[in-house]
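A closer look at the structure
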Amino acid sequence: MLLEIKDLHVQFETDGQVVRAVDGVTLTLDRGQILGIVGESGCGKSATAMSIPRLLPMPPARITRGQIRFDGNDLLVLPLRDLRKIRGAKIGVIFQDPLSSLSPLHRIGKQIEEVIRLHRNVSAITARETAIDWLGRVGIPDPAARALAYPHELSGGMRQRVMIAMALVLEPDLIIADEPTTALDVTIQAQILDLLRKLHRKNSGILLITHDMGVVSQMATHVAVMYAGQIVEQAEAAAFFDAPLHPYSTALLNAMPSLATRGKRLQAIGGHVPLAGNFPAGCRFHDRCPRARPECATQSPELVTVGGRALRCVN
């Protein structure tokens, strides 16, 4: 098992309030898999993902409970000096907003070179050649010239390609892609997803964080659905898209545009995701669920695994 998260709890403490963003998340990712974590904004997807390399700002964030085992090591108890050796080298992160993630003061080639030399004992020349090679691999034209550019001189699609090159240049075992195509137009989005598929290796895994079910249907081998800080369903992608089990999963798929819904009104999910720290009693989706029964308002369902699929529902 490449990645195993058990009973993860993450909270944020702001203005004297404690907000539970992640509340008992358990999931796994094996080598060769692409796990898509989906759900509406505010469900805890990014907080879960950024907990893995411990990139959440602490404070205000605090991981209060759980285990995150990566390649046999519990990252939550690993000394920071050892964790820094793993970040970049074995865990690569593609952030949602490359313009704010890249340094505006340094040329993109130098930023990639810095990642290489931080983890590999190579010469400056070798690092520069490797950086240029990877810029070419991710589809940036004239990579030697582009290596001299600053982030603000590149388009959004080009900056995202730079982020991918930086995340993959050391060929990490785990790639965390947090909403990697959100700010891109449809054409560039398709190119970026195709690029990730091509660069994905059989002995590596990708954790893909997104609210876009269409992206997951194109990319993922497995799907985990989050709602109000919890996993409510996890399954192989083919089985999930063929027959989702949780009412929230069904609602997400019904809200996704397709050829079958062309010219028709999409089925919006009524209500809103509850604010973290103000979760309702019982099933957290019950006040939006078309299949809710009286007991759903009082019984808090556990995540149960049956036949290789995990489900959190009293129905």
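Being a predicted model, the structure only gives us computed values, none of them experimental.

Scoring rules and cut-offs
- Residues numbered from 1 in each chain as written.
- Predicted model: local features only at pLDDT ≥ 70, side-chain atom pairs only at ≥ 80, totals over all residues.
- Heavy atoms only, no water.
- Core = buried A, V, L, I, M, F, W, Y, C linked by side-chain atoms within 4.5 Å.
- Buried < 20%, exposed > 50% of the residue type's maximum accessible area, 1.4 Å probe, protein only.
- Contact = heavy atoms within 4.5 Å.
- Pairing = 2+ DSSP bridges.
- Helix = DSSP H or I, 4+ residues; strand = E, 2+ residues; numbered from the N terminus.
- Axes fitted to C-alpha atoms, helices over the stretch in contact; angles between N-to-C directions.
- Parallel < 35°, antiparallel > 145°, perpendicular 65-115°, else oblique.
- Left-handed = near helix turned anticlockwise from the far one by under 90°.
- Nonpolar A, V, L, I, M, F, W, Y, C, P; charged D, E, K, R; others polar.
- Polar contact = N/O pair within 3.5 Å; in protein donor to acceptor, adjacent residues only side chain to side chain.
- 1 Å grid on protein atoms, 1.4 Å probe; cavity = no way out; pocket = protein on both sides within 12 Å on 5 of 7 lines; lining within 4 Å.
- Points joined across faces, edges and corners; volume = space filled by probe spheres on them.

**What about the nonpolar core?**
Counting residues in hydrophobic clusters, the biggest one holds 57 residues, and the most contacted among them are Ile52, Leu75, Leu174, Ile176 and Tyr248. Once residues lying within four places of it in the same chain are set aside, the contact partners of Leu75 are Ile52, Arg54, Ile68, Phe70, Leu83, Ile86 and Ile91. Counting residues in hydrophobic clusters, the runner-up holds 39 residues, among them Leu135, Met158, Ile192 and Leu195.

**Structural notes on the sheet that holds strand β5 (residues 73-74)**
With antiparallel pairing, four strands are arranged side by side in an open sheet as β2-β1-β4-β5. Each having just a single partner strand, β2 (17-29) and β5 make up the two edges of the open sheet. With 10 bridges connecting them, strand β1 (residues 3-14) and β2 associate as antiparallel partners. Its bridge partner being in β2, Ile5 is matched across the sheet by Leu27.

**Structural notes on the sheet that holds strand β7 (residues 174-178)**
As summarised here, the arrangement of the eight strands in space is β6-β7-β8-β3-β9-β10-β12-β11, forming an open sheet in which the pairing is mixed. Each having just a single partner strand, β6 (91-94) and β11 (304-306) make up the two edges of the open sheet. Across the sheet, the mean angle separating the axes of adjacent strands is 20 degrees when strand polarity is ignored. In terms of strand pairing, β11 meets strand β12 (residues 309-311) through three bridges, oriented antiparallel. Residue pairing in the sheet places Val304 in a bridge with Leu311 of β12. Across the sheet, helix α7 (residues 156-168) touches β6 and β7, and the angle it forms with β6 is around 175 degrees.

**Quick look at the packing of helix α4 (residues 108-119) against α7**
Look at α4 against α7: their axes get within 9 Å of each other, and the N-to-C directions meet at 20 degrees. Put simply, α4 runs roughly parallel to α7. In the packing of α4 onto α7, the handedness of the crossing is right-handed. The residues of α7 that touch α4, namely those facing Ile108, Gln111, Ile112 and Val115, are Val162, Ala165 and Met166. Grouping the constituent residues of the contact of α4 with α7 by class yields six nonpolar, one polar and no charged.

**Here's the deal with the environment of Glu233**
Among the secondary structure elements, Glu233 is positioned in strand β10 (residues 230-236). Here Glu233 is in contact with Val223, Ala224, Val225, Phe240, Pro244, Leu245, His246, Ser249, Arg309, Ala310 and Leu311, once residues within four sequence places are set aside. A polar contact is formed between the side chain of Glu233 and the side chain of Arg309, at a distance of 2.7 Å.

**So, unusual backbone geometry**
Trans peptide bonds make up most of the peptide bonds, and negative phi angles are found at most residues other than glycine. A cis geometry characterises the amide bond from Met58 onward to Pro59, with omega recorded as -10 degrees. Turning to its location among the elements, Pro59 is positioned in the loop between α1 (45-51) and β4 (61-70). In this chain, Pro59 is followed by Pro60 through a cis amide linkage whose omega measures 10 degrees. Phi angles above zero are rare outside glycine, and Arg54 is one such case at about 55 degrees. By secondary structure assignment, the location of Arg54 is in the loop between α1 and β4. The exposure class assigned to Arg54 is partly exposed, which follows from its relative accessible area of 22%. With phi around 45 degrees, Asp142 is a residue other than glycine that occupies positive phi space. Assignment of secondary structure puts Asp142 in the loop between α5 (124-137) and α6 (143-146).

**Regarding empty space enclosed by the protein**
Taken as a whole, this structure holds two cavities of 30 Å³ or more when the rule is applied. The calculated volume of the largest cavity comes to roughly 60 Å³. Together, Tyr227, Gln230, Val232, His246, Gly282, Cys283, Arg284, Phe285, Ser300, Pro301 and Arg312 line the largest cavity. Within the lining of the largest cavity, the residues separate by chemical class into five nonpolar, four polar and two charged. The calculated volume of the second largest cavity comes to roughly 50 Å³. Around the second largest cavity sit His246, Pro247, Cys283, Phe285, His286, Cys289, Ala292, Cys296, Cys313 and Asn315, which together line it. In the lining of the second largest cavity, the residues fall into seven nonpolar, three polar and no charged.

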